[in-house]
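Survey of secondary and tertiary structure
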Amino acid sequence: MVSCMDLRVLALLMLSLSLCVRCDIPSSLSGAYMDGDVNIAILSSIHSKVINLHKRTRPQPFVCTDFDLIPFLQSLSAIYTIEEINNSSFLPGIKLGYDVCDSCASPTKALQCVEHLLAVNGSLPALSDYSDFRPPVKALLGERYSELSIAIAKLLSLYLCSQVSTSSSAPVLSDKLRYPSFMRVIPSDIYQTQALVKLMSHFSWNWVGVVYGDDDYGRAAYQSFAQQSAGTICVAFEKVVTHYLDHVDVDKYIKDAAKSIRESHAKVVLLILKPQLVEKLFKEMIQTNTSRVWIASDAWSIYRPLTKMNDINKVGQIFGLSFTMGNIPGFEDYLRNLRPTPGARNAFIEEYKQLRLNCSLWPRNCSADDVLYAVDLREAYMERVAIYAIAHGLRTLLDCNDTACSGDNNFPPWKLLESMHSVNFTLDGTRYFFDENGDFVDGYDLIMWKEKDDERIIEIVGKFLLKKGDVEIFSEFQSINNSIPLARCSNSCTPGTAKNQSKIPCCYNCVECSEGKYTDGYDFPECLKCPEGKWSTTGASECEYFQEIYLVWDGSYPIALLAATAIGLMLVFSSFIIFSVHKNTTVIKKADNTMSCFMFLGLMVSFASVIMFIGRPNEHQCRAQQALYGLGFTLCVSCILVKAFRTFLAFLAFDPVKQHQLKKFYKPVINLVLLTGAQGIILLFWMTLGKSPGPDIKWPEQSGLKKYVVCDEGSIIGFAVMHGYIALLAFICFIIAFKGRKVPDDFNETGVIIFSILIHLFVWLCFIPIYIERNKTEQRHIVQASAILASNYGIIFCHFIPKCYIVLWELSENSRASIMGRLAKHIKEDTATADITVQYVADRITPGVISPSVAPSGIEISVISKDVFSTIKTEDFFGGIDPTVRRHFRVMQRHTTR
């Protein structure tokens, strides 16, 4: 039996023990606590609002409300991971503890939590040197919101205590000069906004609205988005909403943003807001029956309660980016049997169970599995990664092996920070490490909220990997590309058109590409030039090889040219043969066989120039066209000029003195060489000193993909001088021949000279305006070739065809007797001044030339005029008669009195 004294002693002992235990129990700021060898602080905004924060006038205790399931779930994930490590041999001999403080989404409340967590013996010391500062917690997990993390990071930078966040993505937190102890297991928002821009570009959106929260996270994310999207995506409107849920004007901000969304033509809206604010905005959209495509930032992209809103399917399609998610092994079973670990306490679990019991969390479902139903468990995966990152830093710092950790577990926090920078580990098959800024650089999941009955389900439909820098849609979800509406300030410019930019980068008109330019895709800023050798029509989407247009050998017109040239050459060659065979006939002799042969040569060269117009022009061919024609036809005209000059001397130069002077210039061969040589000099200067003819490309109007390859005349002066010289010779021929038009037909060719020269001059006078008009088209070479043929045929049909006809069909008329008879007839008609008798004595008959029947032994021809006789010599008068016959003529002059 125990005495009273013993009972009193036992009571005092129990009292003292209870007091000692109370010394270790944390204050009410810790909502969950478990002591360990190394304690990790967990900051989580399990309540999303501080009551009457805007009315706070003195530093009274914070009263939090609005229990938030997601941060609660994330804190449970961290606790579960700590207990998993404790139950493993990862840190042998080391037990991890935790201390959870609710910051209630308030930076001020978060700072109070940090002060409490770092306090030694109930207070936070102010030291000049914190190198050996050893607070009860060695690392801090949190916070969820960037605004809170920034405030905490500023304070923790004093102690260099590791802070690891799983969702604070503001880019400024990568600045190690300002926040040296901050680390995160997600990428910076720089990459999130880059991913958002890539997502919008993938769906060809360039005209979007933006609504963001007025906090560090929202402003930084919007600024980053604006920088990343500059020039490619334009913001149709931007609206700022207060970040604090209990702000007195929060509903006014939401209504104002909703009005801007309704009034804007932008079909896509980016929301960088807290999920609770998104819920308010969606209610406004549903009430006004407004549908848009919504782009979710990571803050609400996988917020499960939103997927179960009434009429959520009326708001439109929802896409978003989330941090890489995963499944935590055994976590679901842990939640089904949710209770604090023995030796730990968790007031949040008790509050959650009470709220669930009262159906205050989610009125639509009050089952025992409420947290499993209401929240996507994958949202808590990064807490698992963060705890393992801290654990790997501890394992290195404490020199742990498979059996023990030899290091001192009461170390200053900065040593763990130093160790964590070098961690590189694999968890659940994925490799993790921090970059130089203390960030993870893996990527994002692309998620889509798919309709399922009256709710939405969140599906991962793609990835944005930082290494690739582009959005990838999984193959099984490629069909969503066809169901996404366009969100553009202007319609896409189709291939063959380009943007005519307005002052707003994303707004423009589409204009067709001109000839020679193209676009083979959508929304080109300008048309591209076709590569060399290719061309395009107006509004073309590709360039094609030119269809070169020139006189091809098998074309209809070239065949006609070749036929005309062949016929002309046959006529020239046939005439040459006839003239050669019948060279002793009077008609052929009268035509001057030598000059005729030179004319045949000139015509052949001139016809050859026509052939040079056929085929694809090249430099040598273009030169040959002009040179062959210039020399050939000049030779023809020079021969005609010599013949005309001879007739002029024989019959028209009655002044003996002038006749004698002019006869000095009558040197047929020399005349030909000089006259044709002058043309050769003109051509030489043109081809060598001036711009010589060469191939040229002409673009007639509406030519399409055709280019006309023609010979350019080069120097227009050289071209004009060459033709002008021929025209000058032709004009001189015409003048001389015109003066001799009354000479007897048997003794001159003035008629055919006049007619052939008129044909030539007429053809080339018509050629000049036509050639100038057609100079920019493919018909220029056709015009010149036709003019050359016309001139050549004019000479053939005037100078050679009639004589060939006489030789072949009127040979009986081609006799000396006939000629003399016609001469006598002419003399009898002109007896006014006749005092000359020409007597023909046929003392010897040349067989085959003069028939005895028509040439008696003596014929007296009547007198001819003295003036005519004085200009005639035997060799001139009978120049066409064979020398063997010529000596049988005597010309006697006798003077008679009239």
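Attention now goes to the overall build of the protein chain. Summing up its helical and strand segments, the protein chain has 28 helices and 31 strands in all. In the protein chain, which comprises 898 residues, the share counted as buried stands at 51%. If you take every contact in the protein chain between residues at least 6 apart in sequence, the share linking residues at least 24 apart comes to 69%.

Our focus in this paragraph is the state of the cysteines. One pass over the full model with this rule turns up 9 disulfides. Residue pairing for Cys-101: its cysteine sulfur links by disulfide to Cys-113, the two sulfurs lying 2.0 Å apart. The chirality of the disulfide connecting Cys-101 with Cys-113 is left-handed, given an S-S dihedral of about -65°. Residue Cys-101 is located in strand S5 (residues 96-101), and its partner Cys-113 is located in helix H3 (residues 107-118); the two are separated by 12 residues in the primary sequence. The side chain of Cys-489 participates in a disulfide bridge whose partner is Cys-507; the two sulfur atoms lie 1.8 Å from each other. In this structure the cystine formed by Cys-489 and Cys-507 twists about its S-S bond by roughly 100°; its chirality is therefore right-handed. Residue Cys-489 is found in the loop between helix H15 (480-483) and strand S20 (497-501), and its partner Cys-507 is found in the loop between S20 and strand S21 (508-512); the two are separated by 18 residues along the sequence.

The 8 strands are arranged S10-S9-S11-S12-S13-S17-S18-S19 in an open sheet whose pairing can be described as mixed. Two strands lie at the open edges of the sheet, namely strand S10 (234-241) and strand S19 (470-473), each paired on one side alone. Each neighbouring strand pair of the sheet contributes to a mean axis angle of 25°, computed without reference to strand direction. Direction of pairing for strand S9 (residues 207-213) relative to S10: parallel, over a ladder of 7 bridges. Following the sheet pairing, Gly-213 is matched in S10 by Val-241. Relative to S9, helix H6 (residues 216-229) is tilted by about 155°, and along the sheet it contacts S9, S10 and strand S11 (268-272). Packing against the sheet, helix H7 (residues 250-263) makes contact with S9, S10, S11 and strand S12 (293-296), and its axis sits at approximately 165° to S10.

Looking now at helix H16 (residues 556-581). With 26 residues, H16 should reach 38 Å at 1.5 Å per residue; the first-to-last C-alpha distance of 37 Å fits that figure. When we look at burial in H16, the residues that qualify are Pro-558, Leu-561, Thr-565, Gly-568, Val-572, Ser-575, Ile-578 and Phe-579. Of the surrounding elements, those touching the buried residues of H16 are helix H17 (586-590), helix H18 (593-611) and helix H24 (780-809).

Next up on the list: the sheet that holds strand S8 (residues 182-184). Spatially, the 7 strands line up as an open sheet ordered S8-S7-S6-S2-S5-S1-S14, and their pairing is mixed. Each edge of the open sheet is held by one strand with a lone partner, namely S8 and strand S14 (345-346). The pairing of strand S1 (residues 30-34) with S5 spans 4 bridges and is classified as antiparallel. Paired with Tyr-33 across the bridge in S5 is Asp-99. Helix H2 (residues 69-86) contacts S1, strand S2 (38-43), S5, strand S6 (137-141) and S14 of the sheet and is inclined by roughly 170° relative to S5.

Here the focus is the packing of aromatic side chains. A full pass over the atoms with the stated rule returns 28 aromatic pairs. With a centroid separation of 5.2 Å and 35° between ring planes, the pair formed by Phe-133 and Tyr-159 is classed as tilted. Residue Phe-133 is found in the loop between H3 and S6, and its partner Tyr-159 is found in helix H4 (residues 146-159); the two are separated by 26 residues along the sequence. Of the two residues, Phe-133 and Tyr-159, neither departs from the other in class, the shared state being buried. Ring geometry for Tyr-212 versus Tyr-222: centroids 4.6 Å apart, planes at 10°, classification stacked. Of this pair, Tyr-212 sits in strand S9 while Tyr-222 sits in helix H6, and the two are 10 residues apart along the sequence. Taken individually, Tyr-212 and Tyr-222 each receive the classification buried, so the pair is uniform in this respect. Its end group placed over the ring of Tyr-145, Lys-274 keeps NZ or CZ at 4.9 Å from the ring centre. When the ring centre of Tyr-545 is taken as reference, the NZ or CZ atom of Lys-534 above it lies at 4.8 Å.

All of the buried residues along helix H11 (residues 347-357) are Phe-348, Ile-349 and Tyr-352. Taken down its axis, H11 places every buried residue within 100° of arc, on the same side. The opening residue of H11 is Asn-346, an N-cap whose side-chain oxygen sits 3.0 Å from the backbone nitrogen of Phe-348.

Right, let's get into the side chain of Asp-102. On the secondary structure map, Asp-102 appears in the loop between S5 and H3. Here Asp-102 occupies a buried position and makes no salt bridge, while the nearest side chain of opposite charge, Lys-109, is found at 5.9 Å. In this structure the side chain of Asp-102 is engaged in a polar contact, spanning 2.9 Å, whose partner is the backbone nitrogen of Ile-46. The contact partners of Asp-102, leaving out residues within four places of it in the chain, are Leu-29, Ser-44, Ser-45, Ile-46, His-47, Lys-109, Cys-113 and Phe-348.

Moving on, we come to the pairing of strand S13 (residues 318-323). Of all the 6 residues making up S13, 6 are buried; the element is thus mostly covered by neighbouring parts of the structure. Side chains Ile-318, Gly-320 and Ser-322 project from S13 onto one buried face, and the interleaved Phe-319, Leu-321 and Phe-323 project onto a second face that is buried too. One ladder, built from 3 bridges, connects S12 with S13; its direction is parallel. Each bridged residue has a counterpart across the sheet, and for Ala-296 the counterpart in S13 is Gly-320. Direction of pairing for S13 relative to strand S17 (residues 443-452): antiparallel, over a ladder of 6 bridges. Across the sheet, residue Ile-318 finds its bridge partner in S17, namely Trp-449.

So, on to the pattern of salt bridges. Should the charged atoms of two oppositely charged side chains come close, the side chains can pair. Using the criterion set out here, one finds 18 salt bridges in the structure. Note that Asp-311 is salt-bridged to Lys-314, the shortest N-O span being 4.0 Å. We classify Asp-311 as partly exposed; its relative accessible area is 40%. On the basis of relative accessibility, which here comes to 42%, the residue Lys-314 falls in the partly exposed class. Between Arg-623 and Glu-619 there is a salt bridge, and its shortest N-O distance comes to 3.1 Å. Placement of both Arg-623 and Glu-619 in helix H19 (residues 619-652) is noted, with a separation of 4 residues, approximately one turn of the helix. In this structure Arg-623 comes out as partly exposed when scored by relative accessible area, which is 28%. Judged by relative accessible area, Glu-619 falls into the partly exposed class, the value being 38%.

Calculation notes
- Residues numbered from 1 in each chain as written.
- Predicted model: local features only at pLDDT ≥ 70, side-chain atom pairs only at ≥ 80, totals over all residues.
- Heavy atoms only, no water.
- Helix = DSSP H or I, 4+ residues; strand = E, 2+ residues; numbered from the N terminus.
- Buried < 20%, exposed > 50% of the residue type's maximum accessible area, 1.4 Å probe, protein only.
- Contact = heavy atoms within 4.5 Å.
- Disulfide = S-S within 2.5 Å.
- Pairing = 2+ DSSP bridges.
- Axes fitted to C-alpha atoms, helices over the stretch in contact; angles between N-to-C directions.
- Expected span 1.5 Å × (residues − 1).
- Phe/Tyr/Trp six-rings, centres within 6.5 Å; stacked < 30°, edge-to-face > 60°.
- Lys NZ or Arg CZ within 6 Å of the ring centre and 35° of its normal.
- Arc of directions from axis to C-beta.
- Polar contact = N/O pair within 3.5 Å; in protein donor to acceptor, adjacent residues only side chain to side chain.
- Lys, Arg positive; Asp, Glu negative; His and termini not counted.
- Salt bridge = Lys/Arg side-chain N within 4 Å of Asp/Glu carboxyl O.

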